[in-house]
Amino acid sequence: MAWALEQSGVAPLLARLLAARGVSDAAELDESVAHLLPPAGPHGLKGLPEAARLLADTIHSGGRLVIVADYDCDGATACAVMLRGLCLLGARSDQVGYVVPDRAVHGYGLTPTIVDLALEQQPALLVTVDNGIASLAGVAHARAHGLKVLVTDHHLPALVDGAVVVPEADAIVNPNQPGCTFSSKSLAGVGVAFYVLLGLRAELRSRGALPNPEPRLDGLLDLVALGTVADVVKLDANNRRLVAQGLKRMRSGRAQPGVMALFSASKRDASKAQGFDLGFALGPRINAAGRLADMTLGIETLTTDDPERALELATQLDAINRERREIESGMREMAEARLDSLVAALEGALPPAVALFDADFHEGVVGIVASRIKDRVHRPTFVFARGADGQLKGSGRSIPGFHLRDALDLVAKREPELLAKFGGHAMAAGATLAVDDMNRFALALARVAEEWLNDQDLTRTLRHDGALPAEAATPETARLLDAQVWGQGFEPPVFCNRFELISQRLVGEKHLKLRLRHAGRLVDAIWFNHIDMLPEQVTLAYRLSLDEWQGQQRIQYIIEAAQA
């Protein structure tokens, strides 16, 4: 595969890296919008024609459309895409509104309570984004009130008595619903929303009802890119194209005012935007609103056309994110203390799955802390906090080989009435249960993990791309790699070489700064959040990074792992 890519003009090092990630044809590297998977046709999205007609009819009749969003970055960007896109395609601004749940009050998805909140806006049509596929009761409640419901989502459907059940909505667009042959099952919620707008535009075109000039929807791709990366969905070829197009808009200064303001608030350079910026700077600031405040703040940031207002809102989000980091830091220390107590009780052994709860845990950051603990111990991990209703609200993160949503389904079968509700993906899921049932849940989850995982599954491994020749460690190589879209399921390159350690010191009290020699060349490196000193001869796994200082660019290695 690498040879074929080289013959197509791909640089040899990049060809090797891409081939290792399953790219066999240079056509997969074409990032143009024209190469996106078609929304309709024999392998289009199931339910899209019905959804397009439903939206077109409602716009034409003057009925009110209310978007039901989710309180994470994918949900916020999907809401913004739908709001902006519907207005581009002819809906009046006063014809379109939205509601978004409060994480602590309403819970996730289209619940009957959220339907009641939406009813205050007198909608004719409810449109869910990034939720709804498992909202059986919410959809039924909306239909009972005479509302039409369009579900757009990417999550897995609900399981009832072991069978897949979808809500009785007027239309459903979800690549993961039964019978959908759309080949990209990894679309984020915002990606599904974008495709629904493509379908609506085609329907309006067939009716001769498009505004003149015909609206372009590619102006929404910066939002699609942000939500896609932030939701950590697999970056298959189609998602990479969506993200690449969005990054191009950001780099050229053509992104929404709110996106540009988020770059400014996070002190990132939009002209050099990469997926890393979206996943670790912009996305967390939007997510912070849903974790600690109200996601309407995030949605307003992404929908305002006033750059000054956008910067004001982005600055608020930045302050909330700093608060989130402080809460997370303290909660992670508490969670690690709980984990240490658990290990001590098991005489030094780690259970095959971990479930933690403390009365002082904050519901808004349980998912982040679960991810941190999972990374530390390489075990499927759930972290619970007490919700406003007194029940425990938990968020889980998993490891390869352990499908978390399926594991919860098995727990529910074995322990009837243990889980008040649950849902999610293979790698991330949520669950609600009574406070008194915490230990029962931990034991049940550990039992499933013991059956499904072996010692190899529970051993952390780091896949790398082999050695990088010393002469290839150049700014030009780093720029070549930075120009690609890397992320979940299409991991950024990690190289592995043997080095002589020249010097090492701590910076910022928690990062290890290194000076290394490789094949006679000296290079700087840093290992973030690592304080243990290294031996004089060491094998390091690392990523290439460009470090800019006083206008000069030089290579710096970002260390991922070490072996003496």
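Since the model is a prediction, treat every value here as computed from it, not as a measurement.

Just checking my understanding: could you explain the nonpolar core for this structure?
The tendency in soluble globular proteins is for nonpolar side chains to be buried as a group. Counting residues in hydrophobic clusters, the biggest one holds 119 residues, and the most contacted among them are Leu86 and Tyr557. Of the residues forming this core, the biggest block, ten residues, is contributed by helix H7 (residues 189-206). Once residues within four sequence positions are removed from consideration, Leu86 is found in contact with Leu55, Ile59, Leu65, Ile67, Ala91, Val96, Leu197 and Leu200. By size, the runner-up hydrophobic cluster in this structure holds 25 residues, among which are Phe357, Leu392, Phe402 and Ala429.

Would you explain the sheet that holds strand E13 (residues 495-507) in this entry?
Backbone hydrogen bonds are what pair the strands of a sheet, in a parallel or an antiparallel way. Here we have five strands rolled up into a closed barrel, ordered E13-E14-E15-E17-E16, and mixed in their pairing. When the angles between neighbouring strand axes are averaged without regard to direction, this sheet yields 45°. For strand E15 (residues 521-527) and strand E17 (residues 552-563), the ladder comprises three bridges, and the chain directions are parallel. Counted as the bridge partner of Ile526 is Ile558 from E17.

Help me understand the environment of Asn321 in this model?
Tracing the sequence through the fold places Asn321 in helix H13 (residues 307-345). Sequence separation of Asn321 and Arg285 is 36 residues, and the distance between their C-alpha atoms is 5.4 Å. Among the polar contacts listed, one links the side chain of Asn321 to the side chain of Arg324, at a separation of 2.9 Å.

Can you walk me through the state of the cysteines in this structure?
Disulfide: a covalent bond connecting the sulfur atoms of a pair of cysteines. Summed over all chains, the structure comprises zero disulfides. The structure places no disulfide on Cys73, whose sulfur is separated from the nearest cysteine sulfur, that of Cys79, by 12 Å.

Explanation requested: the pattern of salt bridges in the structure shown.
A pair can form between side chains of opposite charge whenever their charged atoms are brought close. Inspection of every chain in the model, using the stated rule, returns 31 salt bridges. Its salt-bridge partner being Arg322, residue Asp318 comes within 2.5 Å of it at the nearest N-O pair. Taken together, the residues span about one helical turn, with Asp318 and Arg322 both in helix H13 at a distance of four residues. Given a relative accessible area of 9%, Asp318 falls into the buried group. We note a salt bridge from Glu415 to Arg440, for which the minimum N-O separation is 2.9 Å. Taken together, the positions of Glu415 in the loop between helix H15 (404-414) and strand E11 (419-424) and Arg440 in helix H16 (residues 438-452) put the pair 25 residues apart, joining distant regions of the chain. Where salt bridges share partners, they join Arg515, Asp524, Asp547 and Arg554 into one cluster.

Whenever I open this one, the packing of aromatic side chains confuses me. Can you help?
Note on aromatic pairs: each is described by the distance of the centres and the angle between the planes. Following the criterion strictly, the structure yields twelve aromatic pairs and no others. With centroids separated by 4.5 Å and ring planes inclined at 25°, the aromatic side chains of Phe276 and Phe280 adopt a geometry described as stacked. Of this pair, Phe276 and Phe280 both sit in helix H11 (residues 275-292), four residues apart, roughly one helical turn. What makes Phe276 partly exposed here is its relative accessible area of 41%. Seen in terms of ring centroids, Phe382 and Phe384 are 5.6 Å apart; in terms of plane orientation they differ by 20°. Their pairing is stacked.

Procedures and definitions
Residues numbered from 1 in each chain as written. Predicted model: local features only at pLDDT ≥ 70, side-chain atom pairs only at ≥ 80, totals over all residues. Heavy atoms only, no water. Core = buried A, V, L, I, M, F, W, Y, C linked by side-chain atoms within 4.5 Å. Buried < 20%, exposed > 50% of the residue type's maximum accessible area, 1.4 Å probe, protein only. Helix = DSSP H or I, 4+ residues; strand = E, 2+ residues; numbered from the N terminus. Contact = heavy atoms within 4.5 Å. Pairing = 2+ DSSP bridges. Axes fitted to C-alpha atoms, helices over the stretch in contact; angles between N-to-C directions. Polar contact = N/O pair within 3.5 Å; in protein donor to acceptor, adjacent residues only side chain to side chain. Disulfide = S-S within 2.5 Å. Salt bridge = Lys/Arg side-chain N within 4 Å of Asp/Glu carboxyl O. Phe/Tyr/Trp six-rings, centres within 6.5 Å; stacked < 30°, edge-to-face > 60°.

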